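Chain by chain, the residues:
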Amino acid sequence: MDNKRSTVAVVWARGDIDLDTAPALHRRLEAALREHRDVVLDLSQVTFMDCAGLGTLLDARGQAERHGGRLVLRAVGPDVLRLLRLTNLEGRLTATPDHHPPDGARPQAQRPGTTRFAMEGEAP
């Protein structure tokens with residue numbers, strides 16, 4: 001397995017994830033999953049998510065699983081967590097409510113080989 005695929009990619013999202021912004025997030029997650037097996041989506045700065053955002057998360061989860069990887073949601077806020085619960089997706093999407101990376105994954109500054117992706121309009 002090549003080195004890139006064995007590292008964790010982190011995608012940061014912020015603001016609203018809705019019909020207007022979900023396509024940009026979808027492109028970022030696809031790009032991260034093409035290069036990495038495991039992707040962490042940091043939602044600490046997400047203020048709102050609608051069904052388009054949920055669809056994007058499910059698509060990315062499916063893409064990760066088809067290639068033997070996984071998508072982990074990090075720093076899921078109460079509003080997004082409520083949406084996951086209301087739609088019965090909490091168990092289908094791996095989510096951590098805190099800001100600590102799951103399963104020993106560390107932030108980019110602490111873990112060599114971690115790649116950072118950002119949504120369009122943001123600095124990577």
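Refer to the structure presented above.
Residues numbered from 1 in each chain as written. Predicted model: local features only at pLDDT ≥ 70, side-chain atom pairs only at ≥ 80, totals over all residues. Heavy atoms only, no water.

(A) Quick peek at the overall build of the chain. Across its full length, the chain carries three helices and five strands. Seen in sequence order, the chain has helices and strands lined up from the N terminus as β-α-β-α-β-α-β-β. Here the chain holds 124 residues, and 45% of them are scored as buried. Carbon together with sulfur atoms contributes 48% to the accessible area of the chain, which is approximately 6,700 Å² in total. (Helix = DSSP H or I, 4+ residues; strand = E, 2+ residues; numbered from the N terminus. Buried < 20%, exposed > 50% of the residue type's maximum accessible area, 1.4 Å probe, protein only. Areas by Shrake-Rupley, 256 points an atom, 1.4 Å probe, with all protein chains shown as cover.)

(B) Region of the structure containing the pairing of strand E2 (residues 38-49). The sheet contact formed by strand E1 (residues 8-17) and E2 spans nine bridges and is parallel. Paired with valine 8 across the bridge in E2 is aspartate 38. For the crossover that starts at E1, traverses helix H1 (residues 22-35) and ends in the parallel E2, the hand is right-handed. Regarding the hand of the β-α-β motif, the stretch spanning E2, helix H2 (residues 51-66) and strand E3 (residues 70-74) is right-handed. (Pairing = 2+ DSSP bridges. Right-handed = clockwise from strand over helix to strand, strands pointing away.)

(C) Summary view of the side chain of threonine 56. Within the secondary structure, threonine 56 is located in helix H2. Ignoring anything within four residues of it in the chain, the contact list for threonine 56 reads Ala22, Leu25, His26 and Leu29. (Contact = heavy atoms within 4.5 Å.)

(D) Fine view of the nonpolar core. Membership of the largest hydrophobic core comes to 28 residues, with the highest contact counts inside it found for Leu41, Leu43 and Leu73. Taken together, the elements giving at least two residues each to this core come down to E1, H1, E2, H2, E3 and helix H3 (78-86). (Core = buried A, V, L, I, M, F, W, Y, C linked by side-chain atoms within 4.5 Å.)

(E) Spatial organisation of the pattern of salt bridges. Applying the stated criterion across every chain, the model contains three salt bridges. Where arginine 61 meets glutamate 65, a salt bridge forms, and the shortest distance between an N and an O atom there is 3.7 Å. With a gap of four residues between them, arginine 61 and glutamate 65 both fall in helix H2, about one helical turn apart. The residue glutamate 90 makes a salt bridge to arginine 85 at a minimum N-O spacing of 3.2 Å. For glutamate 90, a relative accessible area of 33% puts it in the partly exposed group. A residue is classified by how much of its surface remains accessible, and arginine 85, at 47% relative accessible area, is partly exposed. (Salt bridge = Lys/Arg side-chain N within 4 Å of Asp/Glu carboxyl O.)

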